[in-house]
Amino acid sequence: MTVRTITVSTLKRLKNSVIGNPATKLSLAQDTAFIHSLVSCLKHPPTSYTDTQGSHDDIRIEAAHVIASISYGSEAALISLLRANALHAFLLALSNLKPDDAVQLKSALARGLRVLSTAIAEVVGPSQLGLRTWSPDLRSDAKVALSYLFQFDCLNIFLPLLADPSSQTNISIAQLIASAVRSETHRDAVIEWVPPAERSRDIKGRRGWEKTELVNSSSPARQGGWVVRLLVNFLQKKDIKLQEAALGAISSLAMENTIVATTLARPWPDAVDTPLNIMLNLMKSRTTDVQLAASLCVAHIIRATASHHPGSLPVDRSAALNVIHVVNRVLSSSSETSQNKIKTCYTLYHLVKDDKELCQEVYERGTLEKAILLCKDITPLKKTSEWEEDEPESTLALREATLTVIAAISLFDDNIRRKVADHFQLIPTIQIALSHKHIGVRCAACMCLRALSRAVFIIRTNIMDTGIGMELFAIFKKEGEDPRVTFAALNAICNLVNDFSSLRPRLLDEGLLPRLMQLLSSDDLSMRVSVLWAIRNTLRTSVQKSRETVMNNLGWPQLVALCNDLSPEIQEQAMSILRNLTENEEGIDYVFDSLDTETLANCIIIGLESSNEDVVYHTACFLANIANGSREQQDFIFAHPHIVRAMRDCLTDAKSGSPLISCIHSLVQSNTRRKDELMEAGIISTLRHMCDGTTSVSMSMSPGGRHHRMHMEDDKDTVRVARLILDIVEHSNIGELF
């Protein structure tokens, strides 16, 4: 396409031609000269044109509309806009607006900025409504652009528009926040932003060492920040579109943010009701869009306020039931659109994700059944070419959404998993989805299998009988598969290689370990952690031949390097691998034959001195296994005083204390002559304090300093073993050998 002249009329025709027309968008994207001219119009419209009825403002308005129209749905068009610096052009145009400029111009620029920012954020991710695939070049450009959007100087341009007299402008900026805030960094930047006038007033009103909120009782920090305060005010307006936009923005800011969520759940000064109650009332709106926006907002507040941070609140069960009521109504309605049902599924997902009690609640309320029936209703069990080629995007997205939420609800309870697999017979539906061409559908199907494969009986029956386990393995092994699908499949594989899985030997024979080693070199930390988790599970209660096969692939130098990795998650898995390698005497001998004692001691010391309690725990369990080895292997512990001192420091950790005390018990049972070393290291006195219930009197903190301390009254078994140790030590004869 070649557009030689930019006028109001040509831009209007162009805007109408690109709506819903991918071919026209692509053709336009390839006309880079015109794209640059179009972007330039936002800043400096042409001074001469053939349309005598137009004006500079009209051209800028229509240019903003055209850019908004082409920025969504066409990867090529979005790349062209980014490389023409369209985001900067919108921000510059907004920053140069004068008080007497037309409201329509300001609204058009704000809307254009919102649409372009949303398109950019969707590429960067994480996606809000399902997975999509983007080229590496676009992702790279989009990340740079989104980072630029949330810089302080840019926030100073568009966030003040929330206070603009025009509700259309307010709506666009609120929608921008709702759609573009995808990370904790960007979330914090918006929450902490304050208008320059209030910023300078707060600085003048306090002394240098005082915090703003301590000086000014009306500080916006007490109400979640200036932006949150304004958004909450919008909820009390009668404008439905403004309410919906504000709810979406609050939802994005409250997501996983305990401070903002807790603020919204508590009364505000001079307010009739809490913001949370206002949102609960909006869930009764006659407009489904408002109901769903309010439900998502409440779901994020519920989860963030119950995130176990200091000062957080318990799960608001009453508010959760309100969300579930809206979800059940929409999912079971024959008149609701697919788009609304997709939003509903993801609202439910955010409510129940990784929360066992809420998963049980929605199961008992019939929500899981509604999601399963909806999924089965839109998924034919016979695969045809017409099915994959002709399906509407909305149906694909809805199938992905239902499978995603089914996976989340099924993650914890065997009764729920049995209901899904046996009563509702969802395995064939998952099986057909597993081979679908749509990435999001495949990924969600893998997530369902991960949840269901946590049940032994499902692996041994449904998964074995249908052959779906090997179909999953084929996806896992496929090179060139989308990394998100590979990762989801890998998480399911972690369950299929457990000791209770009859698939483990077959997976090992058909190339599991080479594929794991390939993925271990990934730059994705989560992928590497899951690879090590699969190796860890493969080694659990394994025979010596399997151990040797695994270590021939992994390599001892690499395992040592993983024990010393900077990531606590990697360290945890590495120490767990050592733990599972030493589950019996043959395994302990294998480790000592393969690693020199100094290298092994160094790994143990690093593990015990970690600030991560899971790393310490698996290191403690590894030590407990060594204590069940030969006399020479037990002596290895005492030959390294640093290990013994680190053991003492961790004895009263809530998680690692029990395996360490078990380790000491095995050591003193084998040889009571170790009494002197234990006393010298302070372990005997520590055990006495534990048994007396006076641990807090003289206990030093573990090296990390952030571990949960053991409550002796709650861990009676550990105290019992500690007393057995003291009894053995105090009643033994020094000359006696065992």
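A. Broad picture of the overall build of the protein. A count of helical and extended segments in the protein gives 46 helices and zero strands. Within the protein, buried positions represent 55% of all 738 residues. At a minimum sequence separation of 6, the contacts of the protein that also span at least 24 residues come to 72%.

B. Fine view of the packing of helix 7 (residues 103–124) against helix 10 (residues 167–180). In contact at an axis separation of 9 Å, helix 7 and helix 10 are set at 10° when each is read in the N-to-C sense. On the basis of their axis angle, the class for helix 7 and helix 10 is roughly parallel. For the pair formed by helix 7 and helix 10, the contact residues are K106, S107, A110, R111, L113, R114, S117, T118 and A121 on the first element and Q168, T169, S172, I173, Q175, L176, S179 and A180 on the second. Among the residues forming the contact of helix 7 with helix 10, the class breakdown is six nonpolar, eight polar and three charged.

C. Structural view of a negative patch on the surface. A surface patch of negative charge is lined by E548, E585, E586, D589 and D593. The greatest single-element share of the negative patch, amounting to four residues, is contributed by helix 37 (residues 585–594). The exposure class of E585 is exposed, given its relative accessible area of 55%.

D. Local environment of the packing of helix 19 (residues 317–332) against helix 20 (residues 338–352). For the pair helix 19 and helix 20, interaxial distance at closest approach is 9 Å and the crossing angle is 150°. By the angle between their directions, the pair helix 19 and helix 20 is classed as roughly antiparallel. At the point where helix 19 passes helix 20, the crossing takes the left-handed sense. Facing A320, V323, I324, V327, V330 and L331 of helix 19, the residues of helix 20 in contact are N340, K341, T344, C345, T347, L348 and L351.

E. Representation of empty space enclosed by the protein in the model. Considering all chains together, one arrives at one cavity of 30 Å³ or more under this definition. Here the largest cavity defines a volume of roughly 60 Å³. For the lining of the largest cavity, the secondary-structure elements that each account for two or more residues are helix 5 (75–83) and helix 7. Class assignment for the residues of the lining of the largest cavity results in four nonpolar, three polar and three charged.

F. Main features of the side chain of D482. With respect to the helices and strands, the residue D482 is situated in the loop between helix 29 (468–477) and helix 30 (483–496). Not counting chain neighbours up to four residues away, the residues in contact with D482 comprise T133 and I439.

G. Structural view of the state of the cysteines. A full pass over the atoms with the stated rule returns zero disulfides. Here C563 is not disulfide-linked; the sulfur of C603 is the nearest cysteine sulfur, at 4.1 Å.

H. Main features of the side chain of T538. Summarising the element assignment, T538 is placed in helix 33 (residues 525–539). Once you skip the residues sitting within four places of it in the chain, T538 turns out to touch V497, R504, L508, L512 and V550.

I. Expanded view of the pattern of salt bridges. Evaluated as defined, the whole model comprises 17 salt bridges. For D164, the salt bridge identified is with K106, shortest N-O distance 2.6 Å. One end of the pair, D164, is in the loop between helix 9 (152–158) and helix 10; the other, K106, is in helix 7, with 58 residues separating them in the sequence. The residue E361 makes a salt bridge to R365 at a minimum N-O spacing of 3.1 Å. Through salt bridges with shared partners, a single network forms among R317, E361 and R365.

J. Summary view of the packing of aromatic side chains. One pass over the full model with this rule turns up four aromatic pairs. Seen in terms of ring centroids, W556 and Y590 are 5.3 Å apart; in terms of plane orientation they differ by 70°. Their pairing is edge-to-face. You can see W556 sitting in helix 35 (residues 556–563) and its partner Y590 sitting in helix 37, a full 34 residues away along the chain. Of the two residues, W556 and Y590, both sit in the buried class. One residue, K655, lies across the ring of Y617, its end atom 5.5 Å from the ring centre.

K. The environment of L91, seen in detail. Counting through the fold element by element, L91 comes out in helix 6 (residues 86–95). Residue classification places L91 among the buried residues on the basis of a relative accessible area of 1%. In this structure the C-alpha to C-alpha distance between L91 and I157, which are 66 residues apart in sequence, comes to 6.7 Å. Apart from the residues within four sequence positions on either side, L91 is in contact with L113, Y148, L149, C154, I157 and F158.

L. The arrangement of helix 33 in detail. For helix 33, built from 15 residues, the straight-helix expectation of 21 Å at 1.5 Å per residue is met to within 8% by its first-to-last C-alpha distance of 21 Å. With twelve of its 15 residues buried, helix 33 lies for the most part within the structure. Buried residues of helix 33: M527, R528, V529, S530, V531, L532, A534, I535, R536, N537, T538 and L539, and no others. Between a side-chain oxygen at the N-terminus of helix 33 and the backbone nitrogen of S526 the separation is 2.9 Å; the capping residue is D524.

M. View of helix 25 (residues 414–423). Restricting attention to buried positions, one finds in helix 25 the residues I416, R417, V420 and A421. In an axial view of helix 25, the angular spread of the buried residues amounts to 120°, which keeps them on one side of the axis. Residues N415 and H423 are exposed on helix 25 and point more than 90 degrees away from its buried face. Where helix 25 is buried, its residues meet helix 21 (356–364), helix 22 (367–377), helix 24 (393–409), helix 26 (427–434), helix 27 (439–452) and helix 28 (456–466).

N. Structural view of unusual backbone geometry. Residue P126 is reached from G125 by a cis peptide bond, and omega for that bond is 0°. Of note, the phi angle at N85 is positive, near 65°, even though the residue is not glycine. Within the secondary structure, N85 is located in the loop between helix 5 and helix 6. Despite not being glycine, E256 has its phi angle at roughly 55°, a positive value. For E256, the position within the fold is in the loop between helix 15 (240–254) and helix 16 (258–265). Among the residues examined, E256 registers a relative accessible area of 66% and is labelled exposed.

O. Layout of the environment of N277. By secondary structure assignment, the location of N277 is in helix 17 (residues 275–282). A C-alpha to C-alpha distance of 8.9 Å links N277 and A319, two positions 42 residues apart in sequence.

P. Structural view of the confidence of the model for the protein. When pLDDT is averaged across the protein, the result is 88; 89% of the residues are at 70 or more. In this model residues 734–738 is a low-confidence stretch, pLDDT under 50, and it forms ten contacts with partners more than four residues away in sequence or in other chains.

Q. Quick peek at the environment of T718. With respect to the helices and strands, the residue T718 is situated in helix 46 (residues 716–730). Taking the C-alpha atoms as reference points, T718 and M690, separated by 28 residues in sequence, lie 9.3 Å from one another.

Parameters at a glance
Residue numbers here run from 1 along each chain, matching the order of that chain's written sequence. Totals for whole chains, interfaces and linings use every residue, but because this is a predicted model, local features are given only for residues with pLDDT of at least 70 and side-chain atom pairs only at 80 or more, for both listing and counting. Only heavy atoms go into the side-chain values, all of them from the structure, while hydrogens and water stay out. Only DSSP runs of H or I covering at least 4 residues are called helices, and only runs of E covering at least 2 are called strands; the numbering of each starts at the N terminus. Relative accessibility under 20% of the residue-type maximum defines a buried residue, over 50% an exposed one, and the middle range a partly exposed one, all with a 1.4 Å probe and only protein chains included. Residue contacts are defined here by distance: any two heavy atoms, one from each residue, within 4.5 Å place the two residues in contact. Lines fitted to the C-alpha atoms define the axes, with helices restricted to the stretch that makes contact. Angles between their N-to-C directions range from 0 to 180 degrees. Roughly parallel refers to an angle under 35 degrees, roughly antiparallel to one over 145, roughly perpendicular to one between 65 and 115, and oblique to any angle outside these ranges. Side-chain classes follow a simple rule in which Ala, Val, Leu, Ile, Met, Phe, Trp, Tyr, Cys and Pro form the nonpolar group, Asp, Glu, Lys and Arg form the charged group, and the remainder, Gly included, forms the polar group. Each patch is built from residues lacking any salt bridge and having more than 30% relative accessible area; the joining distance is 9 Å for like charges and 5 Å for nonpolar side chains (Val, Leu, Ile, Met, Phe, Trp, Tyr). Accessible surface is estimated by sampling points in the Shrake-Rupley manner with a 1.4 Å probe; for residues, cover comes only from the protein chains shown. Whenever Lys or Arg places a side-chain nitrogen within 4 Å of a carboxyl oxygen from Asp or Glu, that contact is recorded as a salt bridge. When charges are counted, Lys and Arg contribute as positive and Asp and Glu as negative, whereas His and the chain ends are disregarded. The atoms used to mark charge sites are NZ of Lys, CZ of Arg, CG of Asp and CD of Glu. Crossing handedness is defined as follows: a turn of the near helix away from the far one that is anticlockwise and smaller than a right angle gives a left-handed crossing, while the clockwise case is right-handed. Computed over the protein atoms alone on a 1 Å grid, cavities are sets of points where a 1.4 Å probe fits but cannot get out and pockets are open sets with protein on both sides within 12 Å along at least five of seven lines; a residue lines them when it has an atom within 4 Å of a point. Grid points are joined across faces, edges and corners, and a volume is the space filled by probe spheres set on the points. Cysteine sulfur atoms that come within 2.5 Å of each other are treated as a disulfide pair. When the centres of two rings from Phe, Tyr and Trp lie within 6.5 Å, Trp using its six-membered ring, the rings pair. Their planes under 30 degrees apart give stacked, over 60 give edge-to-face, and anything left gives tilted. Remark: a charge is flagged as sitting over a ring if the NZ atom of Lys or the CZ atom of Arg is within 6 Å of the ring centre and within 35 degrees of the ring normal. A helix is expected to reach a length of 1.5 Å times the quantity of its residues less one. Any pair of nitrogen or oxygen atoms within 3.5 Å is treated as a polar contact; in protein, a donor-acceptor pairing is required on top of that, and neighbouring residues in sequence qualify only through side-chain atoms on both sides. Throughout, the arc means the angular range of directions from the helix axis out to the C-beta atoms. The predictor's confidence in any single residue is recorded as pLDDT, a number from 0 to 100.

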